[in-house]
Amino acid sequence: MTQDTHYNFAYLDEQTKRMIRRALLKAMAIPGYQVPFASREMPMPYGWGTGGVQVSAACLTPSDTLKVIDQGADDTTNAVSIRKFFEKTAQVATTESTRAASLIQTRHRIPEEPLREGQILVYQVPIPEPLRFLEPRETETRKMHALQDYGLMHVKLYEDIARHGNIATSYAYPVKVQGRYVMDPSPIPKFDNPKLRMAAIQLFGAGREQRIYAIPPYTDVVSLDFEDHPFEPSKANHACSLCGADHTYLDEVIVDDRGGRMFVCSDTDYCATRQATGAAPAQTATSQPQEAQP
Amino acid sequence: MQNTALTGGFENAPVQSAIAFRACLEAMARPGTLHQLDGGAAPAPCSAAAATALLTFCDAETPLFLAPSHDSPDMRDWLAFHIGASLVAPENAMFALGTWDSLQPLSRFAIGTPDYPDRSATLIIELPSLSASGARLTGPGIKEHAHLSLPSVPEFQQNAARFPLGWDALFTCGHQLAALPRSTKIEAS
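Let us look at the structure shown here. (Residues numbered from 1 in each chain as written. Chains lettered and ligands numbered in written order. Predicted model: local features only at pLDDT ≥ 70, side-chain atom pairs only at ≥ 80, totals over all residues. Heavy atoms only, no water.)

### A closer look at the overall build of chain B
Across its full length, chain B carries five helices and nine strands. Start at the N end of chain B and walk to the C end: the helices and strands fall as α-β-α-β-α-β-α-β-β-β-α-β-β-β. In terms of its C-alpha atoms, chain B occupies a principal-axis envelope of roughly 50 × 30 × 30 Å. Counting the 189 residues in chain B, one finds 57% classified as buried. As displayed, chain B has an accessible area near 7,200 Å², and 54% of this comes from carbon and sulfur atoms. Within chain B, the 17 negative side-chain charges are centred at a point lying 10 Å from the centre of the 10 positive side-chain charges. (Helix = DSSP H or I, 4+ residues; strand = E, 2+ residues; numbered from the N terminus. Buried < 20%, exposed > 50% of the residue type's maximum accessible area, 1.4 Å probe, protein only. Areas by Shrake-Rupley, 256 points an atom, 1.4 Å probe, with all protein chains shown as cover. Lys, Arg positive; Asp, Glu negative; His and termini not counted. Charge placed at Lys NZ, Arg CZ, Asp CG, Glu CD.)

### Side note on the packing of aromatic side chains
Evaluated as defined, the whole model comprises 14 aromatic pairs over all chains. Ring centres of Tyr-11 of chain A and Phe-85 of chain A lie 5.2 Å apart, and the angle between their planes is 55°; this geometry places the pair in the tilted category. In this pair, Tyr-11 of chain A is assigned in the segment before helix 1 (14-29) and Phe-85 of chain A in helix 3 (residues 77-90), connecting sequence segments 74 residues apart. A relative accessible area of 12% places Phe-85 of chain A in the buried class. Ring centres 6.1 Å apart and planes at 20° place the aromatic pair Phe-57 of chain B and Phe-95 of chain B in the stacked group. (Phe/Tyr/Trp six-rings, centres within 6.5 Å; stacked < 30°, edge-to-face > 60°.)

### Some remarks on the packing of helix 1 of chain A against helix 1 (residues 13-29) of chain B
At their nearest, the axes of helix 1 of chain A and helix 1 of chain B sit 10 Å apart, and the two run at 5° to each other. In terms of orientation, helix 1 of chain A and helix 1 of chain B fall into the roughly parallel class. Residues Glu-14, Lys-17, Arg-21, Leu-24, Leu-25 and Met-28 of chain A of helix 1 of chain A form the contact with helix 1 of chain B, whose own contacting residues are Ala-13, Pro-14, Ser-17, Ala-18, Phe-21, Cys-24, Leu-25, Met-28 and Ala-29 of chain B. Taken together, the residues of the contact of helix 1 of chain A with helix 1 of chain B break down into 11 nonpolar, one polar and three charged. (Axes fitted to C-alpha atoms, helices over the stretch in contact; angles between N-to-C directions. Parallel < 35°, antiparallel > 145°, perpendicular 65-115°, else oblique. Contact = heavy atoms within 4.5 Å. Nonpolar A, V, L, I, M, F, W, Y, C, P; charged D, E, K, R; others polar.)

### Focus: the interface of chain A and chain B
Buried accessible area, meaning the area lost when the parts come together, often serves as the stated size of an interface. If you look at the interface, chain A gives 43 residues, while chain B gives 42 residues. The contact between chain A and chain B buries some 3,500 Å² in all, and 63% of this surface belongs to carbon and sulfur atoms. Contact with chain B buries surface across chain A, with Arg-22, Leu-25 and Lys-26 of chain A losing the most and accounting together for 20% of the total. On the surface where chain A and chain B come into contact, there are six salt bridges. A salt bridge links Arg-22 of chain B to Asp-64 of chain A; its shortest N-O distance comes to 2.5 Å. Where chain A touches chain B, the interface holds 19 residue pairs in polar contact (both at pLDDT 80 or more). (Buried area = accessible area lost by both parts, 1.4 Å probe. Salt bridge = Lys/Arg side-chain N within 4 Å of Asp/Glu carboxyl O. Polar contact = N/O pair within 3.5 Å; in protein donor to acceptor, adjacent residues only side chain to side chain.)

### Structural notes on the pattern of salt bridges
The tally for this structure, following the rule as stated, stands at 28 salt bridges over all chains. For Asp-192 of chain A, the salt bridge is made with Lys-195 of chain A, and the minimal N-O distance between the two is 2.8 Å. For Asp-192 of chain A, a relative accessible area of 0% translates into the label buried. Across the salt bridge formed by Arg-182 of chain B and Asp-168 of chain B, the nearest N and O atoms sit 2.7 Å from each other. Here Arg-182 of chain B, found in the loop between strand 8 (176-180) and strand 9 (185-187), pairs with Asp-168 of chain B, found in strand 7 (residues 168-173); they are 14 residues apart in sequence, far enough to count as distant.

### Quick look at the environment of Thr-62 of chain B
Here Thr-62 of chain B shows up in the loop between helix 2 (48-57) and strand 2 (64-66). Considered as a pair, Thr-62 of chain B and Ser-86 of chain B are 24 residues apart in the sequence and their alpha carbons are 7.2 Å apart.

### Describing the pairing of strand 3 (residues 95-99) of chain B
Residues and elements named next belong to chain B. Counted residue by residue, strand 3 has four buried out of five residues, so it is predominantly covered. Across three bridges, the pairing between strand 2 and strand 3 is parallel. By the bridge assignment for strand 3, Leu-66 is matched with Leu-97. Pairing analysis gives five bridges linking strand 3 to strand 4 (residues 122-126), with the strands arranged parallel. Each bridged residue has a counterpart across the sheet, and for Ala-96 the counterpart in strand 4 is Leu-123. (Pairing = 2+ DSSP bridges.)

Written as structure tokens, this is what we have:
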């Protein structure tokens, strides 16, 4: 193996990796609980996925195939730079195909293609504490988790209903893991919440906040809701303008300055695969201005 | 110093520890599954899997309890050279190594606190045999149910009953590894 001798395998030193691995092991044993860890400075700014990168670095082996996505896309700045980082420091194979990847680092999406056993999904998490915007003190939120005191979260969802007529939270939608811990699934759209019960291992890394948490395969993950206002995964009410899919999460793209817009799959690999196999949009009008916006 | 103390570490630590960790992560994520774990070799009676687990997770930051079954001058020399963990009483241990009988009573090990359930021990339990049969397991990581040859059932049921508190177990036998987190529900079968 040709190895860049300037870096240890996967960048981090061995003692740091052991520390992260111990945290990951405990995170796996206590699904949804945020394990504190000694997050390191990484050669990228906080907010660019330093938590996810550290978790990936602790998990990667030379035989892994890595995929990195940012909001579903393989070709955005964040995804490209993290992929290059591991190509350089760990010499791992990289791919854009969800199916071919053994480890996928993601920012704010779960791939459309169902993941299988043996795959690992690593999330980049900005604020791991679901109660943080309701209670700023760490000492208090820690106590609330210990006592399973999650009433405040239900009040927040209720206030949504009182104000908007429905639960307006559309991303980072809180979930309860295996009936115990309320967890922030990172800012994935709530469309992705039902996929949180999956066959693959899910690991969450928050670098600035120094927390790691995990969901083992086939763990029960329930989106919080009320009997009379059940949880509803939502998406834009359109089909993809490129591949015609009506079951995927869509990005809205403004295409001109007259209010023209199109909706396309946020998962670029899924959309490209569908197009390659002959899927086409149902309607042809993609860049026609629809209703002109004032 | 005996020669055995200087050998048995990883030859290529970054790669071997990464492969070993993935086996441990998969084992902990899917209770009841068996995994190959080797690369390390410690003085007898320590198994290759247990030695590899120690090399993967332990260092000077992890107080270790060495149960009487594994506490020998050779083993202490090996730990001092390769790992550097301080050897402590069961109450203070982050990791513990021994046979099922010599680790008893298990009530001595840390189970974490309600605020920090992660501050709990991980037991590396050496078993004479390991197979995916016996006690019936359900819970996180298990699609329907799984089976694992546990050395005893009541202790693990008791441990699972106090979730999210509790210790977690790695089972080692030769080159084989299985794991049982506190989150798994256990029924005798």
